[in-house]
Structures are given as C-alpha cells and as structure tokens.
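The chain contents come next:
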Amino acid sequence: MMKLRDRHGKAFIFEFKVIDPDEDERTLEDTLANAHLQIEEKQYEAELIAEGFLPGQIYKYGLAFRGKECLIG
C-alpha cells in the first residue's frame, strides 16, 4: 500500500502476482482477476478506511506478470 500522510489525499493498493498454472491461471487476465480477488478477500481496504481514508480515495491495482510481460488493471 502507498498512502499520502494527509488523509484527504489518495491511497493505493497494489497486488503483484506471477501467473500460476496451478491456480488455473492460463492468461494474464486470469492472474489479474485473481489479484483483484485477493485484494477483496484480504480486505486490504479496511486498514485504510480505519485510518480515515474514504473508499473513493482508495485506488486498487493488480499487476500480473508472465516473464517480462505485464498486465496492469
């Protein structure tokens, strides 16, 4: 997570994942979807909300990798 000291600013959640065929990930899109799923399942946003950030100030990004290929969303 990255956050500004000022709670009126923005906060960012990044989840980095490498494609994993054992997790039924066949494409970078599959891996990206799993990154977003993990952000929600682990409730990373809750910590930021508890610190005073509003949901609209929190931006969530998944980064999926396969070798040197990367998909961000």
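Data block above holds the structure.
Just so it is clear, the structure is predicted and the values come from calculations on it, not from any experiment.

Caption draft 1: Seen up close, the sheet that holds strand β1 (residues 2–3). Here 4 strands make up an open sheet; going across it, the order is β1-β2-β3-β4 and the pairing mixed. What marks the edges here is a single partner per strand, and that holds for β1 and β4 (69–72). Strand direction decides the pairing type here: strand β2 (residues 11–18) and strand β3 (residues 58–66), joined by 8 bridges, are parallel. Among the inter-strand pairings, Val18 is bridged to a residue of β3, identified as Phe65. Lying over the sheet, helix α1 (residues 28–41) contacts β2, β3 and β4, oriented at roughly 140° with respect to β3.

Caption draft 2: α1, seen in detail. If you check α1, its first and last C-alpha atoms are 20 Å apart, about what 14 residues at 1.5 Å a residue would give, namely 20 Å. For α1, every residue scored as buried is listed here: Leu28, Thr31, Leu32, Ala35, Gln38 and Ile39. Buried residues along α1 cover an arc of 120° about the axis, so they all sit on one side. Residues of α1 that are exposed and point more than 90 degrees away from the buried face comprise Glu29 and Glu41. Buried residues in α1 make contact with β2, α2 (44–50), β3 and β4.

Rules used in this analysis
- Residues numbered from 1 in each chain as written.
- Predicted model: local features only at pLDDT ≥ 70, side-chain atom pairs only at ≥ 80, totals over all residues.
- Heavy atoms only, no water.
- Pairing = 2+ DSSP bridges.
- Helix = DSSP H or I, 4+ residues; strand = E, 2+ residues; numbered from the N terminus.
- Contact = heavy atoms within 4.5 Å.
- Axes fitted to C-alpha atoms, helices over the stretch in contact; angles between N-to-C directions.
- Expected span 1.5 Å × (residues − 1).
- Buried < 20%, exposed > 50% of the residue type's maximum accessible area, 1.4 Å probe, protein only.
- Arc of directions from axis to C-beta.

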